[in-house]
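# Examining the three-dimensional arrangement
Residue-level listing of the chains:
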Amino acid sequence: MSAREEILGRVRAALADVAPATEPVVGPLAVEPTDAERLDLFVERVADYRAVVERVAEADLAAHVASLFAPGDRVVVPPGLPEDLVAALAHPVADNALGAADLDAADAVVTTAAVGIAETGTIVLDHGPGQGRRALTLVPDRHVCVVRAEQVVADVPQAVTRLAAAVRSGQPLTWISGPSATSDIELDRVEGVHGPRALHVVLVD
Amino acid sequence: MSRTFVGMPPFPTAAREALADTQLRHNLAHATGVIRAKRAALVEEQGEVWEPLRLAGAAVKQRALDDLATHLLTLEEQLTSAGATVHWARDAAEASQVVLDVARAHDVDEVVKVKSMVTAEIGLNEHLEAHGVAAWETDLAELIVQLAGDLPSHILVPAIHRNRAEVREIFLREMASAGRPAPADLTDEPAVLAAAAREHLREKFLRAKVGVSGANFAIAETGSLVVVESEGNGRMCLTLPEVLVSVVGIEKVVPTWAELDPLMRLLPRSSTGERMNPYTSVWSGVREGDGPQEVHVVLLDNGRTRALADQVGRQALRCIRCSACLNVCPVYERTGGHAYGSVYPGPIGAILNPLLHGQGDPQTDSLPYASSLCGACFEACPVRIDIPEVLVHLRTQVVDAHRSDRVPKAEAAAMRATAWAFSDASRLGLVERAAGLSGRVLGRLTRSTLPGGRAALGRLPGPGAAWTTARDLPAPPPESFRAWWARTDGGREDGS
């Protein structure tokens, strides 16, 4: 018998006494915040992780993002990043199948996001246009992420709902809550391990 | 370089050794204290939502287990249609061989690893090393354990038994032989130590051809695996190599994408005491132009179906490996993880190991007794595993397995004598009179007094020593309650 048949047979035999529940489980929902509360909470919770977070108006976005870099910084830009953002950068590096070493040599990366989660201060990338493949936001040491007010949801259940279509279409997701960190030495949280050591979130509203 | 738990002594023996290590006890008390406070603050913040959230988390995992065959078939179908190759492994040896075969097919002599409990459970590193493939652990705590040739002692933070000064020494001594050496001016600041690990591992990430991971969750509906982590080493291993092999226990299945919600709210709060962990990766098979273009998933049994067949114990398979039960356990806090003799220590290990392996081995059989049954673990568990209930159930199994022993254990003999005495009023009276007599004699000889003023006996000789080395035994009262009642007519006659 194949391992597959044997394991499935053991599972069925073990559960002979069980009648399974067929309805999916729905987690408890909290009170819906107002728009202003939601965005304020998002900013507060992102900052809690010692990420830098700023609110800018749409009209100032490109100039503001450009101002975050030193003149010589090589900044990776994924396909689909809004053109005015790319145009404002002094040294944009397009992702023409950049190797890991190329990404390691870059100073930063600028992307958009798919969803922001206010309650947990999380940004989620679904790696669609403007967000690039997963390695782009991983290897460079600094990640500047542009999040739009309408992308920020209140909590995790709303985020899961909003991301369902991307997951069903096979897109990978990366949930990011602050810069890379570890609690592995004496359970004391310190920022800055393998992922970007600096996370800069720009909220457009 | 790597060690295993094979040949570890039973819990009471191992625990005694651990208790004598004052540095270990200091490290553990500090670390578990920190994490308990963080978790408590976040549970408080959730307020009235927390308990319904635990119920939802438990219900999701239970629903997945209750119809496991169906969900596994859906998962396999979705993974396959997303371009992944699905393997099934009955046991540790089969799973390790799949990973080795993939490494060999790509002619590599090293793999990079995401922290994963299941690959520790199956002894994957040892199997790969024995066949000439180096398995580099990339999680900071796993790196510390691997460099030191040590054993993991906690589910989330395997190096929890080491403090910063010890970590610094290990890095200075061992990093050079595994790759880039630690800088000579290394201090014991956690941020500096983390930076040294970043430098040491970066060259390994950038050149790795094959990555190996586990998964926190496997979504059947969409064929997606989920890895929850902090450092970004997971993302490195999941994204940069050309080939990825993920070993996934069959109990990791979550039926639908939407049901990930309660679990993603429960896990970070219960494990690291954060609203959300820094990084969570979700991927479904192969994504063209992004990440590994060859993806393998190994679905592993290795005793899980044995646990599933135990009607009381099967709830343990809901475990999401958060380690909250370890952090609140008064036994774990004092003995540390090594005493449990398994990669799964603490309260969950005390039930999971016997459920996965079955009874009969003295080390495994000792684990259900490694508890005071205080219930703190059940209260902390985000998926409401009633660990005390399962502990008692497993103790019953251990006792039942010894019922036909020719020479009964001292405890069984004592219980039989007690049953004889309690089954008949006149026998009980006889025993009480004898105890009263001995109590009057022994009471005069003892020097220690219990709270409340009652005399306590010292260490008993013979088989009784096993009980009295760690506990006070009150001296028997000079007169039993029943004798007092008969003499004074229930206190109506003066007799004081």
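As named in an unreviewed UniProt entry, chain B is Lactate utilization protein, taken from Nocardioides acrostichi.

Chain A is annotated in an unreviewed UniProt entry as LUD domain-containing protein of Nocardioides acrostichi.

## A few points about a nonpolar patch on the surface
A surface patch of nonpolar side chains, about 300 Å² in accessible area, is lined by Trp420, Leu430 and Val431 of chain B. The residue Leu430 of chain B is located in helix H21 (residues 425–445) in this model.

## Concerning the interface of chain A and chain B
Each partner contributes residues to the interface: chain A has 74 residues there, and chain B has 91 residues. Summing both partners gives a buried area of about 7,200 Å² for chain A against chain B, and 59% of it is carried by carbon and sulfur. Of all residues in chain A, the largest losses of buried area upon contact with chain B belong to Glu186, Leu187 and His194 of chain A, amounting jointly to 12% of the total for that side. Where Asp17 of chain A meets Arg314 of chain B, a salt bridge forms, and the shortest distance between an N and an O atom there is 3.0 Å. Inspection of the region where chain A meets chain B yields 39 residue pairs in polar contact (both at pLDDT 80 or more). Elements that contribute at least two residues to the side of chain A that touches chain B include exactly helix H1 (3–14), helix H2 (35–48), helix H5 (100–105), helix H6 (156–168), strand S9 (173–176) and strand S10 (181–182) of chain A. At nine residues, the largest contribution of residues to the side of chain A that touches chain B is made by H1 of chain A. For the side of chain A that touches chain B, a count of residues per class yields 36 nonpolar, 19 polar and 19 charged. When S9 of chain A meets strand S9 (residues 279–283) of chain B, the two strands line up antiparallel, connected through four bridges.

## Some words on the sheet that holds strand S7 (residues 243–249) of chain B
The sheet built from six strands is open, its strands ordered S1-S10-S7-S4-S2-S3 (chain B) with parallel pairing. Each of the sheet's edge strands pairs with one partner strand only, and the pair in question is strand S1 (84–89) and strand S3 (134–137) of chain B. When the angles between neighbouring strand axes are averaged without regard to direction, this sheet yields 25 degrees. The sheet contacts of H1 of chain A involve S1 and strand S10 (294–300) of chain B, and relative to S1 of chain B the element is tilted by about 65 degrees.

## Some remarks on the UniProt feature "domain: LUD" (unreviewed entry) in chain A
In the numbering adopted here, UniProt assigns the feature "domain: LUD" (unreviewed entry) to residues 103–204 of chain A. Helix and strand shares over residues 103–204 of chain A are 16% and 35% respectively, and the end C-alpha atoms of the span are 27 Å apart.

## Observations concerning the packing of helix H2 (residues 22–46) of chain B against helix H12 (residues 260–271) of chain B
All names here are of chain B. Contact geometry of H2 with H12 gives a least axis separation of 8 Å together with a crossing angle of 145 degrees. Taking contact as the criterion, the partners of Ile35, Arg39, Leu42 and Gln46 in H2 are, on H12, Arg269, Ser270 and Ser271. The residue inventory of the contact of H2 with H12, partitioned by class, reads two nonpolar, three polar and two charged.

Definitions and cut-offs
- Residues numbered from 1 in each chain as written.
- Chains lettered and ligands numbered in written order.
- Predicted model: local features only at pLDDT ≥ 70, side-chain atom pairs only at ≥ 80, totals over all residues.
- Heavy atoms only, no water.
- Patch = residues over 30% accessible without salt bridge, like charges linked within 9 Å, V, L, I, M, F, W, Y side chains within 5 Å.
- Areas by Shrake-Rupley, 256 points an atom, 1.4 Å probe, with all protein chains shown as cover.
- Salt bridge = Lys/Arg side-chain N within 4 Å of Asp/Glu carboxyl O.
- Helix = DSSP H or I, 4+ residues; strand = E, 2+ residues; numbered from the N terminus.
- Contact = heavy atoms within 4.5 Å.
- Buried area = accessible area lost by both parts, 1.4 Å probe.
- Polar contact = N/O pair within 3.5 Å; in protein donor to acceptor, adjacent residues only side chain to side chain.
- Nonpolar A, V, L, I, M, F, W, Y, C, P; charged D, E, K, R; others polar.
- Pairing = 2+ DSSP bridges.
- Axes fitted to C-alpha atoms, helices over the stretch in contact; angles between N-to-C directions.
- UniProt positions renumbered as here; feature names shortened; annotations may be inferred.

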